[in-house]
Each structure stands twice: as structure tokens, then as C-alpha cells.
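# Breakdown of the fold
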Amino acid sequence: MRGIIDRFEQNIAVIEIEGKTADIQRELVSGDAKEGDCVTLNSDGIWVVDSEATKKRSEYIKSLMDDLWED
């Protein structure tokens, strides 16, 4: 299962999964995760950062922004 971290609220991570948000206990998310990261649920039930997917998503968003502000 894949998702994107929307935000953290105290001990909860709000993760967008297939267009819907889910409240996940913060302890079930890897410690290096931050808002905007793409995450994958591993076999241990822990959400871990997918660095490659996060990088691709960031590049895609940057290209959209560049197109939007292009003269």
C-alpha cells in the first residue's frame, strides 16, 4: 500500500491513500518521514519513506510550477 504524508498532528500522521486520508499512529511511521513524502506500508506494518517516489513527485510538482510561472 502506498500513500503521501499530508501532515502530522501530535501523535498522528495523516496519510493520503488512494485519494482519502487516514489517521495513522505516529509510531507506525518511520522517524525520518516528513510532510509531502511518499510512503509505503512494509510487511512489519510500518510506513517507510519511498525516496525514489518522493523525488519523482517533487520533480513533477516543480515542473508544474515552472510551467505555471513561465512567461
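Shown above is the structure to which this text applies.
This structure is a prediction, so every number in the text was calculated from the model and none was measured. (Residues numbered from 1 in each chain as written. Predicted model: local features only at pLDDT ≥ 70, side-chain atom pairs only at ≥ 80, totals over all residues. Heavy atoms only, no water.)

## Side note on the side chain of aspartate 37
In this fold, aspartate 37 is placed in the loop between strand S3 (20-25) and strand S4 (38-41). Judged by relative accessible area, aspartate 37 falls into the buried class, the value being 3%. At 2.9 Å, the side chain of aspartate 37 and the backbone nitrogen of lysine 34 are in polar contact. Sequence-distant contacts of aspartate 37, defined by excluding residues within four places in its chain, comprise Gly3, Ile4, Ile5, Asp32, Val49 and Thr54. (Helix = DSSP H or I, 4+ residues; strand = E, 2+ residues; numbered from the N terminus. Buried < 20%, exposed > 50% of the residue type's maximum accessible area, 1.4 Å probe, protein only. Polar contact = N/O pair within 3.5 Å; in protein donor to acceptor, adjacent residues only side chain to side chain. Contact = heavy atoms within 4.5 Å.)

## As for the environment of isoleucine 17
Considering the arrangement of structural elements, one finds isoleucine 17 in strand S2 (residues 12-17). According to the relative accessible area criterion, isoleucine 17 is buried, its value standing at 15%. C-alpha separation for the pair isoleucine 17 and arginine 2, spaced 15 residues apart in sequence, amounts to 6.5 Å. For isoleucine 17, the residues in contact, after removing those within four places along its chain, are Met1, Arg2, Gly3, Ala22 and Trp47.

## What about the environment of alanine 13?
Of note, alanine 13 is situated in strand S2. Residue alanine 13 is classed as buried on the basis of its relative accessible area of 0%. Separated by 16 residues in the primary sequence, alanine 13 and valine 29 have C-alpha atoms spaced 7.5 Å apart. Not counting the four nearest positions on each side in its chain, alanine 13 is found in contact with Arg7, Phe8, Ala22, Asp23, Ile24, Arg26 and Val29.

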